[in-house]
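These are the residues of each chain, in order.
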Amino acid sequence: QGSLLYLDALGAAFPRALACRGTALLHWTPGCPRAPAGWPLPTLYCTPAAAGALPSRAAALRVQLLFALRQRALHVLEAGLAAELHDALVALRTEWPQLAQELALGRLSPLPGLPDGVRDQLQALLTPDAARAAELRAECARGVEGIVLRLWPQLEVVVVRTAHGTEQLYCDSLRQADCQGLPFYCPFYQAAGALLGVNLWPAEPTPRFLLCPDWAFYEFLPCLANKEPRAVLLDELWEGREYGLVVTAQPGEYRCCTGEVLKVTGFHKQCPMVEPVRRESQTLSVRGESIPEEQFCQSLRHTLRMWPGARLIDYVCVESSLLGDSSGPCAPHYEVFVELQGLRDLSEGQRYKLDQRLQEDFPIYKSFRFKGSIGPLRLHLVRPGTFTRLREALGSPVPMPRVLHEEQLLQLIQGSVIS
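Owing to the predicted nature of the structure, the values given are computational and were not obtained by experimental measurement.

Enquirer: Any chance you could explain the pattern of salt bridges here in plain terms?
Expert: Within the structure shown, the criterion is met by 27 salt bridges. Residues Arg278 and Glu242 are paired through a salt bridge, measuring 3.1 Å at the closest nitrogen-oxygen approach. Within this pair, whereas Arg278 is found in strand S11 (residues 271–279), its partner Glu242 is found in strand S9 (residues 242–248), the two being separated by 36 residues in sequence. We classify Arg278 as buried; its relative accessible area is 16%. Salt-bridge contacts for Asp345 lead to Arg351; the nearest nitrogen and oxygen are separated by 3.1 Å. Judged by relative accessible area, Arg351 falls into the buried class, the value being 10%. Linked by salt bridges that have partners in common, Arg57, Asp87, Asp314, Arg391 and Arg402 make up one network.

Enquirer: Is there a simple way to think about the environment of Phe337 in this case?
Expert: Among the secondary structure elements, Phe337 is positioned in strand S13 (residues 334–341). Note: C-alpha distance between Phe337 and Gly240 (97 residues apart in sequence) is 34 Å. When sequence neighbours within four positions are dropped, the list of residues in contact with Phe337 reads Asp314, Tyr315, Val316, Val318, His380, Val382, Phe387, Leu410, Ile413, Gln414 and Val417.

Enquirer: Is there a simple way to think about unusual backbone geometry in this case?
Expert: Peptide bonds are trans in most cases, and residues, glycine excluded, mostly fall at negative phi. If you check the backbone angles, Lys269 has positive phi at about 50° while not being a glycine. Looking at where Lys269 falls in the secondary structure, it is placed in the loop between strand S10 (256–268) and S11. The backbone phi angle of Ser290 is positive, close to 55°, even though this residue is not glycine. With respect to the secondary-structure elements, Ser290 resides in the loop between S11 and helix H9 (293–304).

Enquirer: Even after reading the chapter, I still don't get the domain arrangement of the protein, so can you show me in this structure?
Expert: Accessible area lost during the coming together of the parts is what is often quoted as the interface size. One can read the domain layout of the protein as domain 1 (1–186), domain 2 (207–280) and domain 3 (285–415). Contacts between domain 1 and domain 2 engage seven residues on the former and six residues on the latter. Summed over both partners, the interface of domain 1 with domain 2 comes to about 530 Å²; 63% of that surface belongs to carbon and sulfur atoms. Contact with domain 2 buries area across many residues of domain 1, yet Gln1, His164 and Cys186 alone supply 63% of it, more than any other trio. One can count zero salt bridges joining domain 1 with domain 2. At the boundary of domain 1 with domain 2, the tally comes to zero residue pairs in polar contact (both at pLDDT 80 or more). When the residues that make up the side of domain 1 that touches domain 2 are grouped by side-chain class, the tally is two nonpolar, five polar and no charged.

Cut-offs used in this document
- Residues numbered from 1 in each chain as written.
- Predicted model: local features only at pLDDT ≥ 70, side-chain atom pairs only at ≥ 80, totals over all residues.
- Heavy atoms only, no water.
- Salt bridge = Lys/Arg side-chain N within 4 Å of Asp/Glu carboxyl O.
- Helix = DSSP H or I, 4+ residues; strand = E, 2+ residues; numbered from the N terminus.
- Buried < 20%, exposed > 50% of the residue type's maximum accessible area, 1.4 Å probe, protein only.
- Contact = heavy atoms within 4.5 Å.
- Domains from an automatic or database assignment.
- Buried area = accessible area lost by both parts, 1.4 Å probe.
- Polar contact = N/O pair within 3.5 Å; in protein donor to acceptor, adjacent residues only side chain to side chain.
- Nonpolar A, V, L, I, M, F, W, Y, C, P; charged D, E, K, R; others polar.

Quick look at the structure:
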């Protein structure tokens with residue numbers, strides 16, 4: 001039902017979007033070789049299902065990109081996550097000479113994470129296309145700005161199934177460079193492994209999700225309640241207020257607290273429309289100060305304006321408790337790892353700007369800093385490609401965490417620090 005609602009909304013807003021083989025999919029589904037998204041119109045896709053099921057995320061996205069490049073007459077470029085589209089286009093920037101050669105020869109090069117049997121299966125679907133390879137070389141040589149629309153001139157829309165919260169960081173970056181001139185459409189809202197809402201307004205820049213009453217049983221915990229919040233139901237929601245989401249969607253998931261906070265933006269035929277605001281699991285707190293992920297991201301972006309020439313590629317935070325003894329004899333604090341374009345180093349004064357900004361934006365944090373209960377934030381720069389490897393290490397296609405809670409992931413990113 002959700003797939004049909006999506007396809008109906010997509011077709012109404014972009015009439016050519018449902019053309020046969022007119023959609024390319026960039027989405028890693030390890031160990032799940034089925035038709036893309038399991039939707040009722042698999043002939044929409046020019047991307048073979050086996051490509052997304054590879055054990056390696058990097059190999060899956062690269063192979064899917066190659067099949068997308070074969071199809072010049074694309075109308076829709078679709079990704080499961082905004083980060084997947086971002087990483088696939090990074091691969092295009094760095095590997096276009098080899099991709100062009102593979103297009104010209106109709107041959108799939110060996111890749112780490114691409115089993116020989118699957119490679120042979122995918123190889124059988126390729127044919128040499130020297131003209132398309134020449135076009136790819138010519139367009140990539142001109143630079144990355146607007147490259148998506150230049151490679152696929154009939155493209156109408158970029159569909160990203162999950163593109164809310166801090167995932168918007170990737171969408172903003174793509175709009176400014178690779179995907180200039182293209183609208184983005186985020187059709188689905190998912191939580192606790194269940195599809196809960198659909199966005200019926202593809203042309204609107206900010207996604208709003210209609211919660212469908214028969215897809216799950218919803219309960220909502222009002223935020224900022226003066227006392228222990230009482231769960232309310234769909235017909236008791238107020239426009240403009242924020243609620244924690246509790247869902248009963250599948251057997252074995254009774255009253256699952258999703259950790260998601262939603263804001264009610266209005267109603268459509270008495271059903272609430274919501275906007276995801278934050279994930280409680282991604283809140284920073286070493287002394288109970290609670291800095292939400294979306295507000296930390298805003299503070300970081302404000303600070304970026306004071307670093308001339310820098311563009312934010314990605315970031316992640318760690319609470320010092322995860323570092324153990326390696327953090328040294330100091331008060332609890334945050335450690336922030338960022339990947340920047342345009343700068344390879346920052347002075348201590350520039351790094352301290354982020355701590356100052358947090359103090360301005362969060363009075364409780366400022367109070368703890370003044371008393372010495374929280375130590376100064378430590379900012380680290382990491383080498384390019386670090387966050388692509390981090391997403392591979394996550395092991396499944398999930399939205400990028402902004403606060404790390406696993407030592408293995410921490411060690412990976414600590415090993416990539418350059419400054």
